[in-house]
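Residue-level structure breakdown
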Amino acid sequence: MKIGITCHPTAGGSGIVATELGIALAEKGHTIHFVTTEHPFRLPDCRENIFCHCVDLISYPLFRYPLCAFALANRICQVAEEHAIQLWHAHYATPHATCAIMAREMLPPEKRFKIVTTLHGTDITLVGTDPSFFRITKFAMENSDAVTAVSKWLTRETEREFDLTSPVRTIYNFVNEDLLAHARADRAALAPKNEKIVMHISNFRPVKRVTDIVRAFAKIADQVPARLVMVGEGPERLSAAAVVKQLGLSDKVTFLGNYRAIENILPAADLLLQPSEHESFGMVPLEAMACRVPVIATASGGIIEVVEHGVTGYLCEVGDTDCMAAWAIELLTDAERARQMGEQGRERALRLFPKDKIVAQYEALYSELVG
Ligand code: GMT
């Protein structure tokens, strides 16, 4: 099948899922055309059956704000026409689903493609429910041929907020076990004094509550020789750095910035901390589990469908840094318990979120629509 994909190209869960899905579909013989504002973060430079088209943006003094969505719709239309695209998969409703709909409408009827929109979380919970985006998000979903969401929780939230005419289908995110099966990481490079490694990976948005990580870590470091490794970039990094300084933890915390090859770093962690306000799914916890790293997260949103409390990690209430620190100290001081949880995490990741099974679900959906 000839498939188009749009996604946010930056280091974020939705872009990573879209990229991994595109790669998996290309390996199965489909032809994939990405249309994005820049080369997607996790997409290798050259892959068979994969083409990457970047959006052409003009700047004109009259436009106070960049008109990126129009340029994206225009590029989708061009690519779809030139390559006879049968199905467009929009990852993240805003603006990708709307742009795909605009592009489809610009094509003559015989060249129109089907549209699948995958909701990833904040496109519904933060952006879509904001009054400034509510109607256009609802329009995007109602004019897609199928809408999927990455967890049962997000499916329920979407149906509750938007009174849609067609049901939303849940298709979970998957783990790239090929990548993580042989994952290796250099512990000594991250913790030269052989301290325990507590890791956090995100795009440092407010929803990630990164200052909770530092506060929980202060309590952990009080009891256990430990290092906090913060991976990623984003608006809250400076606040986290300020709390590190304020709590006198500067010599125990490393900010690594964005890191593309997560498999070369995640396995070094003794535990992953993810204290988000809510997560529709939690790609990083899933990748941690696949690397046998226990996860301490918040029992909010779809993350409870990924992390099993007491089995693959522990779940605390949002903001309860005492709870996070207590479970962390238990894990960091009981190597056998941590090892067992790591194994159970990998088993759960591969059993519930395997690439083959999830990619086949998308393929079945595409076939249902394209015929
Ligand atoms: O908002 C973010 O944190 C990034 C966002 C994205 O779209 O890149 O992540 C969302 O999509 C991921 C992939 O489906 C999910 O694993 C994340 O849980 C979700 N983030 C939130 O719901 C906060």
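Residues numbered from 1 in each chain as written. Predicted model: local features only at pLDDT ≥ 70, side-chain atom pairs only at ≥ 80, totals over all residues. Heavy atoms only, no water.

A word on the site of the ligand. Neighbouring the ligand are 20 residues, the closest being Ser14, His120, Asn173, Glu279 and Ser280. Within the contact set of the ligand, an oxygen atom lies 2.9 Å away from a backbone nitrogen or oxygen of serine 280. Between the ligand and glycine 282, the relevant distance is 3.1 Å, taken from an oxygen atom to a main-chain nitrogen or oxygen of the residue. With 3 residues, the top contributor of residues to the shell around the ligand is helix α1 (residues 13-27). Class assignment for the residues of the shell around the ligand results in 6 nonpolar, 11 polar and 3 charged. Composition of the shell around the ligand by domain shows at least three residues from each of domain 1 (2-174 + 354-370) and domain 2 (178-352). (Near = heavy atom within 4 Å. Polar contact = N/O pair within 3.5 Å; in protein donor to acceptor, adjacent residues only side chain to side chain. Helix = DSSP H or I, 4+ residues; strand = E, 2+ residues; numbered from the N terminus. Nonpolar A, V, L, I, M, F, W, Y, C, P; charged D, E, K, R; others polar. Domains from an automatic or database assignment.)

Now for the state of the cysteines. Enumeration over the complete set of coordinates arrives at 1 disulfide. Disulfide pairing is shown between cysteine 316 and cysteine 323; the S-S distance is 2.2 Å. One quick way to see it: the torsion about the S-S bond of cysteine 316 and cysteine 323 is about -80°, and its sign makes the bridge left-handed. Exposure class is identical for cysteine 316 and cysteine 323. Each is buried. Here cysteine 68 is not disulfide-linked; the sulfur of cysteine 99 is the nearest cysteine sulfur, at 7.7 Å. (Disulfide = S-S within 2.5 Å. Buried < 20%, exposed > 50% of the residue type's maximum accessible area, 1.4 Å probe, protein only.)

Turning next to the side chain of threonine 312. Within the secondary structure, threonine 312 is located in the loop between α12 (303-306) and β13 (313-316). Residues within four places of threonine 312 in sequence aside, it is in contact with Met289, Pro294, Val295, Val306, Val307, Met341, Gln344, Gly345 and Arg348. (Contact = heavy atoms within 4.5 Å.)

Attention now moves to the sheet that holds strand β7 (residues 169-170). Here 7 strands make up an open sheet; going across it, the order is β3-β2-β1-β4-β5-β6-β7 and the pairing parallel. Each of the sheet's edge strands pairs with one partner strand only, and the pair in question is β3 (50-54) and β7. Here strand β1 (residues 2-6) runs beside strand β2 (residues 31-36); their pairing, made up of 4 bridges, is parallel. Residue glycine 4 lies in a different strand from β2, and its bridge partner there is histidine 33. Along the sheet, helix α15 (residues 355-370) makes contact with β1, β4 (87-91), β5 (114-119), β6 (146-149) and β7, crossing β5 at roughly 145°. (Pairing = 2+ DSSP bridges. Axes fitted to C-alpha atoms, helices over the stretch in contact; angles between N-to-C directions.)

Centre-to-centre distance and the angle between the planes together describe a pair of aromatic rings. Following the criterion strictly, the structure yields 8 aromatic pairs and no others. With a centroid separation of 5.2 Å and 80° between ring planes, the pair formed by tyrosine 172 and phenylalanine 353 is classed as edge-to-face. Residue tyrosine 172 is located in the loop between β7 and α7 (177-181), and its partner phenylalanine 353 is located in the loop between α14 (335-352) and α15; the two are separated by 181 residues in the primary sequence. Cluster of aromatic residues (ring-pair linked, three or more members): Tyr172, Phe281 and Phe353. The ring centre of phenylalanine 41 lies 5.2 Å from the NZ or CZ of arginine 260, which sits over that ring. (Phe/Tyr/Trp six-rings, centres within 6.5 Å; stacked < 30°, edge-to-face > 60°. Lys NZ or Arg CZ within 6 Å of the ring centre and 35° of its normal.)

This next bit is on the pairing of β2. Within β2, 5 of the 6 residues are buried, which leaves it mostly tucked inside the rest of the structure. For the segment spanning β1, α1 and β2, crossover handedness is right-handed. Sheet analysis places β2 next to β3, joined by 5 bridges and oriented parallel. By the bridge assignment for β3, threonine 36 is matched with cysteine 54. (Right-handed = clockwise from strand over helix to strand, strands pointing away.)

All right, on to the pattern of salt bridges then. All chains considered together, the criterion is met by 24 salt bridges. In this structure, lysine 208 and glutamate 279 form a salt bridge, with 2.6 Å as the shortest nitrogen-oxygen distance. With lysine 208 in the loop between β8 (196-201) and α9 (210-223) and glutamate 279 in the loop between β11 (271-274) and α11 (283-290), the pair connects residues that are 71 residues apart, well separated along the chain. Residue class for glutamate 279 comes out buried when judged on its relative accessible area of 11%. Salt-bridge contacts for arginine 209 lead to glutamate 277; the nearest nitrogen and oxygen are separated by 3.1 Å. (Salt bridge = Lys/Arg side-chain N within 4 Å of Asp/Glu carboxyl O.)

The next subject is the domain arrangement of the protein. Per the domain assignment, the segments of the protein are domain 1 (2-174 + 354-370) and domain 2 (178-352). Here domain 1 and domain 2 have C-alpha centroids that lie 29 Å from each other. With 23 residues of domain 1 at the interface, the matching set in domain 2 holds 21 residues. Considering only the side of domain 1, the residues that lose the most area to domain 2 are Phe41, Arg42 and Trp153, jointly responsible for 33% of the buried surface there. Counting across the domain 1 and domain 2 interface gives 7 residue pairs in polar contact (both at pLDDT 80 or more). Listed by contribution, the elements that provide at least two residues to the side of domain 1 that touches domain 2 are α1, α4 (122-128), α6 (152-162) and α15. Grouping the amino acids of the side of domain 1 that touches domain 2 by side-chain chemistry returns 12 nonpolar, 6 polar and 5 charged. (Buried area = accessible area lost by both parts, 1.4 Å probe.)

Moving on, we come to the side chain of threonine 137. Here threonine 137 is to be found in helix α5 (residues 134-142). Exposure remark for threonine 137: the relative accessible area of 1% places this residue in the buried category. Other than its neighbours up to four places away in sequence, threonine 137 contacts Ala93, Thr94, Asp123, Ile124, Gly128 and Phe162.

Moving on, we come to α14. Helix length check: α14 (18 residues) gives 26 Å between terminal C-alpha atoms against 26 Å at 1.5 Å per residue, within 8%. Turning to α14, its buried residues number three or more, namely Ala338, Met341, Gly342, Gly345, Arg346, Arg348 and Ala349. Buried residues of α14, seen end-on, are gathered within an arc of 165° and therefore sit on one face of the element. (Expected span 1.5 Å × (residues − 1). Arc of directions from axis to C-beta.)

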